Amino acid sequence: MIGCYDFCGHYEWTFAWLERQGGPRLVRDYWVEAISRDSQRHACELIGREGFSGMAKYWGHTLAEESPELGFAITEKPGVFRIDLHDCPSKGFLLRNGLQQYSDYCDHCMGWVGPMMREAGFVIDHEHNHCGQCWWEMRRKGATGGLAPPGSVAGAKDVRLLPHWRPAGATLDRCEKATEPDAKLRA
Amino acid sequence: MENPPRSAELPYVDTKPQGSADFYFAINATFRFLLARRGTAGWRSYLEELGREYYAPVNQGWRERGLPAVAAYWREFFAAEPGARVEVVAGGDRVEVHVHECPAIKHLRAGGREIVREYCQHCHVLGAARAEAAGLTMRLAGGNGSCRHTYATVAAGLPPQDPAAVAEARES
């Protein structure tokens, strides 16, 4: 039986298998069709219906369940919903267990969250450091401007203010007003 | 980042004692996607490769330590699966895993999800690949919420797997 206790491990292995079978396109299709529209359809329905309030309900529940040590912060302000992951439970599982088959596991989040946000009428600013830290800001489609300066939305909870946000040798992947993983730039 | 507590049998461990049951939604959705995109043969190949590669550390332990390792693994595995009611019975030439309540089927039903009809077959395809890698055999009987997995030595001479012995998964 495939279990849920080590889900992130076989989920990550599956990305690499799909890429061997059908290239990057099959991996993207998997994130959209299987994860966003099927597995996480409850999130799509909730956020499509309730917008920012639905985001707070969905991530408030799921992050508390997956990260009971509260390695995250949620910030709600007018016009923006922000998540700071200080210790991602998903990437953290892979790092702790030394698992890596796919080139960038972190892309799966933009891979399924991006299409969900696009269909709900939002765009995303996002960065991840490949070390278990990332941040997300969702705004209504049509929002303009660059990335918000560190601390300007989440204050001291902004993950970019942590001393290990950019460890030596780490690279940042960045998306601006995006809804799909291939929009990322490497900083 | 703290290291997780080590498990004697589970190769990959988390900081939480049990996984999140909503991940069963993703496993079910993954099967649906693979069956639609790669067909039954492709889905079976996925499971066989997953069994040989991802689970290689477990298979190696089974090969080295035999059926006691198989029994210990399944006890620890199901202790980490939320909602499972399982009994593991170790005999001389086999280990039987009596799944009284499958945590995946239970959660998929509770969540109102359309369950892939082939869902229960995955336990046999995956389990057989892992058993073969460990020099063992595996058979499955039942499904759709309760079943029996049998891991045995080759010398036990289990009859071939009867495909009809594995039930289709249903929403109720």
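Source: prediction; values computed, not measured. (Residues numbered from 1 in each chain as written. Chains lettered and ligands numbered in written order. Predicted model: local features only at pLDDT ≥ 70, side-chain atom pairs only at ≥ 80, totals over all residues.)

1. Comments concerning the pairing of strand E3 (residues 122-128) of chain A
All names here are of chain A.
Here is step 1 of the chain: Where burial is concerned, most of E3 is hidden: seven out of the seven residues are buried.
Here is step 2 of the chain: A two-sided burial pattern is seen for E3, the buried positions comprising Phe-122, Ile-124, His-126 and His-128 on one face and Val-123, Asp-125 and Glu-127 on the other.
Here is step 3 of the chain: In this structure, E3 lies alongside strand E4 (residues 134-140), joined through seven bridges in antiparallel fashion. Among the inter-strand pairings, Val-123 is bridged to a residue of E4, identified as Arg-139.
Here is step 4 of the chain: Here E3 hands over to E4 after five residues, with His-130 in that stretch at a positive phi of 65 degrees.
Here is step 5 of the chain: Here E3 runs beside strand E5 (residues 173-178); their pairing, made up of four bridges, is antiparallel. The partner of Glu-127 across the bridge, within E5, is Arg-174. (Buried ≥ 20, exposed ≤ 12 C-beta atoms within 10 Å, placed from the backbone. Helix = DSSP H or I, 4+ residues; strand = E, 2+ residues; numbered from the N terminus. Pairing = 2+ DSSP bridges.)

2. Let's talk about the sheet that holds strand E1 (residues 72-77) of chain A
Residue and element names in this part refer to chain A.
Here is step 1 of the chain: Taken together, six strands build an open sheet; the order of strands is E1-E2-E4-E3-E5-E6 and the sheet is antiparallel. Where the open sheet ends on each side, the last strands, each with one partner, are E1 and strand E6 (185-186).
Here is step 2 of the chain: Its contacts with the sheet put helix H3 (residues 52-66) on E1, strand E2 (80-85) and E4, and the angle it makes with E1 is roughly 170 degrees.
Here is step 3 of the chain: Helix H5 (residues 107-120) contacts E3, E4 and E5 of the sheet and is inclined by roughly 160 degrees relative to E3. (Contact = placed C-beta atoms within 7 Å. Axes fitted to C-alpha atoms, helices over the stretch in contact; angles between N-to-C directions.)

3. A short note on the interface of chain B and chain A
Here is step 1 of the chain: In this complex, chain B contributes 31 residues to the contact, which on the side of chain A involves 32 residues.
Here is step 2 of the chain: Put simply, the parts of the chain that give the side of chain B that touches chain A at least two residues each are helix H1 (23-53) and helix H5 (121-133) of chain B.
Here is step 3 of the chain: The biggest single contributor to the side of chain B that touches chain A is H1(B), with 13 residues.

4. Notes on the packing of helix H2 (residues 41-50) of chain A against H3(A)
Residue and element names in this part refer to chain A.
Here is step 1 of the chain: Close contact between H2 and H3 brings their axes to 6 Å; oriented N to C, the two are set at 150 degrees. The angle between the axes of H2 and H3 places the two elements in the roughly antiparallel class. In contact with Ala-43, Leu-46, Ile-47, Arg-49 and Glu-50 of H2, H3 contributes Ser-53, Gly-54, Met-55, Lys-57 and Tyr-58.
Here is step 2 of the chain: Residues belonging to the contact of H2 with H3 are distributed by class as follows: five nonpolar, two polar and three charged. (Parallel < 35°, antiparallel > 145°, perpendicular 65-115°, else oblique. Nonpolar A, V, L, I, M, F, W, Y, C, P; charged D, E, K, R; others polar.)

5. Let's talk about the packing of H2(A) against H5(A)
All names here are of chain A.
Here is step 1 of the chain: Closest axis-to-axis distance for the H2/H5 pair is 9 Å, and the angle between their directions is 30 degrees. Between H2 and H5, the crossing angle belongs to the class labelled roughly parallel. The two elements H2 and H5 meet at a crossing, and its hand is right-handed. Between H2, through Ala-43, Cys-44, Ile-47 and Gly-48, and H5, the contact on the second element is made entirely by Met-116, Glu-119 and Ala-120.
Here is step 2 of the chain: Counted by class, the contact of H2 with H5 contains five nonpolar, one polar and one charged residues. (Left-handed = near helix turned anticlockwise from the far one by under 90°.)

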